Amino acid sequence: MTDYKNASTTLDGAVDSSTSSNFIRSKIAQDIKEEKHGGRVHTRFPPEPNGYLHIGHAKSICLNFGVAAENSGLCNLRFDDTNPEKESQEYVDAIKDSISWLGFQWSGDVRYSSNYFEQLYAFALQLIESGKAYVCDLDATEMRDYRGSLTEPGRNSPHRDRSIEENRDLFERMRAGEFADGACSLRAKIDMASPNINMRDPVLYRIRHIEHHQTGSQWCIYPTYDYTHCISDAIEGITHSLCTLEFEGHRPLYDWILNTLDIASLAGASDLAGTEYDYVLPQQTEFAKLKLNYTIVGKRTLKEMVETNVVQGWDDPRMPTLAGLRRRGFTATSIRNFCESVGVARSESIVDLEMLEHAIRDDLDKNSPRAMCVLNPVTVVLMNLPDEHLEILSMANHPKDEEMGCRSVPLTKRVVIDRSDFEEVPPQGFKRLIAGGEVRLRGAYVIKCIDVIKDDAGKIIELHCSVDLDTLGKKPEGRKVKGVIHWVSEDKGIPLSVRLYDRLFNVENPESKDIEDFRECLNADSLVEMTSCIAEPSIVEEGASLNYQFEREGYYCLDEKDSSENKLVFNRTITLRDSW
RNA sequence: UGGGGUGUCGCCAAGUGGUAAGGCACAAGGUUUUGAUCCUUGCAUGCGUUGGUUCGAAUCCAGCCACCCCAGCCA
């Protein structure tokens, strides 16, 4: 039961609260004003546990939980588990985990449509008793044939006019397990000539002799989505049933079922029974799904990518799943901000991935401590320093946020810099190290390259540099040194591996109809592993963070799954913006 | 083709009869010991299209065009 007195949906964490208007917020505001549901707002997020949640679900989650929180309302989590064939407990657990991670708390206990199987059955009997449902023996093929087409009306099933007694008897025997899968079904008696195909006597119950992850072998008949969803909403006292556009044509059926049932019995079965509230039927409102360019959010395909090892699991950091984004280093805040920024509307659109990238950079820039990590090292020998030189430099963890404190960074005679920060033949505008040129080691001294040491194959193995010891914390005299590069002490540095991720697909719309197989457009370089990286020691010292901005490189986070004590693995969440 | 939807800047998106918000992207400057961040500026005489109503239309009306959804005992 719902505690209407003491609970309302709340949100922890800082979310951009500059909410803009959208048609759902407007509608809810209007309904509250008119006291349509006694001023209540009660939504629900109703996933089927047949896969992991992805970024598209995040939009729905943020909408449902968000709109409830904004209006001191409630939001339920309900697993729409009416098709046990595709569902599993693993998905139930993963979904709960992702929602909590995103920062939302559902009202009361987790609900399952299967909680209502007994009530759903009783309501089906009610429909039969009022002559509004019948048991049909047509098989799937015949039913399709009788349904007609987009332009032709359907024909009545030969079983449409069975007596109420016969229907009741047959339906009870369906439940008792007397019939094989598919032998018959319970159908609503509506209108086989309706221009809306969803209204041509839709199936309400089908026979499936199969174990259910929640109800075990208790049932062998399972209610369909259309029949279940509206009644579940009604039972839970949902006021606003928000779903995506493809269910638009189902709304007349949603309404038909609830209006055909006896409202008093619906009210009596609902969470509102015994409360001060008048019973008002829930209302379905549809909005456009979230699509992102360069990514696939179709569950079927995501599942196939996992099963065929295109990726390494549902939480592969390249996946658009919440588990994947999380492992990649996306924060819950960034995803919520992103969802707010894309808005909610009824026009179908494909959001630019850069919107998501902006959201994560924005959050991480503010909240990630800085550190230096050299991905592709080349040795720099600081010639005028003694062999045993060890200097501990103090550097700010964040350039703007003093409260983030400082860290110690050791400087030794031998350091490493990234190979790409030295060029023998620099391109126009190159601001890094060149032979005979100067550059600043970030947070340390200005150095000058005096010698380039190569092996027999011509590969650079060392750069010999001199240090201007008068440049710590101040500008060199009489000249400008524009470049600043990051570096790490060669012997004090921590070795680690880094995984550079890029988009999984190399076309804007991998879900487009003219792409037969997603494998055609996979980006071969979506994962590049760098195994010889060296980072400053602060990343493993006490108080170390799980995520950093590796300066001049990007935002990275520890991969807790693949890291061990003697092997550190970091995932690149996102690069820094690069206008060079 | 029957029914149901949607069309506002490169991408999202506000706007509901009073003369086109905002974000992303992009461009140009400035600051900077991260080619980051930050700051400033620019970026739709135009709202799918053609007509109509009106002093006035993205908003109202009519026609046309384009795209999306529906013919599972999936959700």
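Look above for the structure.
Before going into details, it helps to say that this report is about the structure given with it. (Residues numbered from 1 in each chain as written. Chains lettered and ligands numbered in written order. Predicted model: local features only at pLDDT ≥ 70, side-chain atom pairs only at ≥ 80, totals over all residues. Heavy atoms only, no water.)

1. Concerning the environment of His240
Right, so step 1: The residue His240 is located in strand β8 (residues 240–244) in this model.
Right, so step 2: Given a relative accessible area of 2%, His240 falls into the buried group.
Right, so step 3: The spatial distance from the C-alpha of His240 to the C-alpha of Glu438 is 65 Å, given a sequence separation of 198 residues.
Right, so step 4: When near neighbours in sequence (up to four residues on either side) are disregarded, His240 contacts Ile28, Asp31, His37, Val41, His42, Thr43 and Gln283. (Helix = DSSP H or I, 4+ residues; strand = E, 2+ residues; numbered from the N terminus. Buried < 20%, exposed > 50% of the residue type's maximum accessible area, 1.4 Å probe, protein only. Contact = heavy atoms within 4.5 Å.)

2. Considering unusual backbone geometry
Right, so step 1: One non-glycine residue with positive phi stands out, namely Glu35, at about 50°.
Right, so step 2: Considering the arrangement of structural elements, one finds Glu35 in the loop between α1 (23–33) and β1 (42–45).
Right, so step 3: Located in the positive-phi region is Tyr294, a residue other than glycine, with phi close to 60°.
Right, so step 4: By secondary structure assignment, the location of Tyr294 is in the loop between β10 (291–292) and α10 (299–307).
Right, so step 5: The exposure class assigned to Tyr294 is buried, which follows from its relative accessible area of 18%.

3. Re helix α12 (residues 332–342)
Right, so step 1: Of all the 11 residues making up α12, 8 are buried; the element is thus mostly covered by neighbouring parts of the structure.
Right, so step 2: Of all the residues in α12, the buried ones are Ala332, Thr333, Ser334, Ile335, Arg336, Asn337, Phe338 and Cys339.
Right, so step 3: Residues of α12 that are buried sit in contact with α2 (55–70), α3 (89–102), β10, α11 (322–328), β11 (350–351) and α13 (353–367).
Right, so step 4: Where α12 ends, the next residue or the one after it, Gly343, has phi of about 75°, a positive value.

4. Looking at the sheet that holds strand β2 (residues 74–79)
The strands making up a sheet are joined through hydrogen bonds of the backbone, oriented either antiparallel or parallel.
Right, so step 1: With parallel pairing, the 3 strands of this open sheet are ordered in space as β1-β2-β3. The two strands at the open ends of the sheet, each matched to only one other strand, are β1 and β3 (111–112).
Right, so step 2: As defined by bridge partners, β2 adjoins β3 across 2 bridges and the pair is classed as parallel. From the neighbouring strand, Arg78 faces β3, where its bridge partner is Arg111.
Right, so step 3: Set on the sheet, α3 makes contact with β1, β2 and β3; between it and β2 the angle comes to about 160°. (Pairing = 2+ DSSP bridges. Axes fitted to C-alpha atoms, helices over the stretch in contact; angles between N-to-C directions.)

5. A short note on the protein's contact with RNA strand B
Right, so step 1: Lining the immediate environment of RNA strand B, one finds 70 residues, of which Ser21, Leu138, Arg370, Arg442 and Gln549 sit closest.
Right, so step 2: Expressed as a percentage, the sugar and phosphate content of the atoms of RNA strand B within 4 Å of the protein is 68%.
Right, so step 3: At 2.6 Å, a side-chain N or O of Thr82 approaches a phosphate oxygen of RNA strand B.
Right, so step 4: Note that a base oxygen of RNA strand B is positioned 3.0 Å from one of the backbone N or O atoms of Lys431.
Right, so step 5: Those elements that provide at least two residues to the surface near RNA strand B are α5 (140–147), β6 (203–207), β11 and α13.
Right, so step 6: Here the surface near RNA strand B is built from residues that sort into 22 nonpolar, 20 polar and 28 charged. (Near = heavy atom within 4 Å. Polar contact = N/O pair within 3.5 Å; in protein donor to acceptor, adjacent residues only side chain to side chain. Nonpolar A, V, L, I, M, F, W, Y, C, P; charged D, E, K, R; others polar.)

6. Some thoughts on the pattern of salt bridges
Right, so step 1: Scanning all chains against the criterion turns up 45 salt bridges.
Right, so step 2: Between Arg327 and Asp562 there is a salt bridge, and its shortest N-O distance comes to 3.2 Å. In this pair, Arg327 is assigned in helix α11 and Asp562 in the loop between β28 (554–558) and β29 (569–575), connecting sequence segments 235 residues apart.
Right, so step 3: With its nearest N and O atoms 4.0 Å apart, the salt bridge here joins Arg499 to Glu529. One end of the pair, Arg499, is in strand β25 (residues 494–501); the other, Glu529, is in strand β26 (residues 527–535), and 30 residues separate them in sequence.
Right, so step 4: By relative accessible area, Glu529 is classed as partly exposed at 37%. (Salt bridge = Lys/Arg side-chain N within 4 Å of Asp/Glu carboxyl O.)

7. A word on the environment of Met530
Right, so step 1: Considering the arrangement of structural elements, one finds Met530 in strand β26.
Right, so step 2: The sequence separation of Met530 and Ser497 amounts to 33 residues, and the corresponding C-alpha distance is 5.5 Å.
Right, so step 3: Apart from residues lying up to four places away in sequence, Met530 is in contact with Leu375, Asn376, Leu496, Ser497, Val498 and Leu500.

8. A word on the sheet that holds strand β23 (residues 484–485)
Right, so step 1: Reading across from one edge, β23-β20-β21-β22-β14-β17-β24 is the order of the 7 strands in this open sheet, with mixed pairing throughout. Two strands in the sheet have a free side with no partner beyond their single neighbour: β23 and β24 (488–489).
Right, so step 2: Relative to strand β22 (residues 460–468), strand β14 (residues 377–382) is paired through 4 bridges, and the arrangement is parallel. Looking across to β22, one finds that Thr379 is bridged to Glu462.

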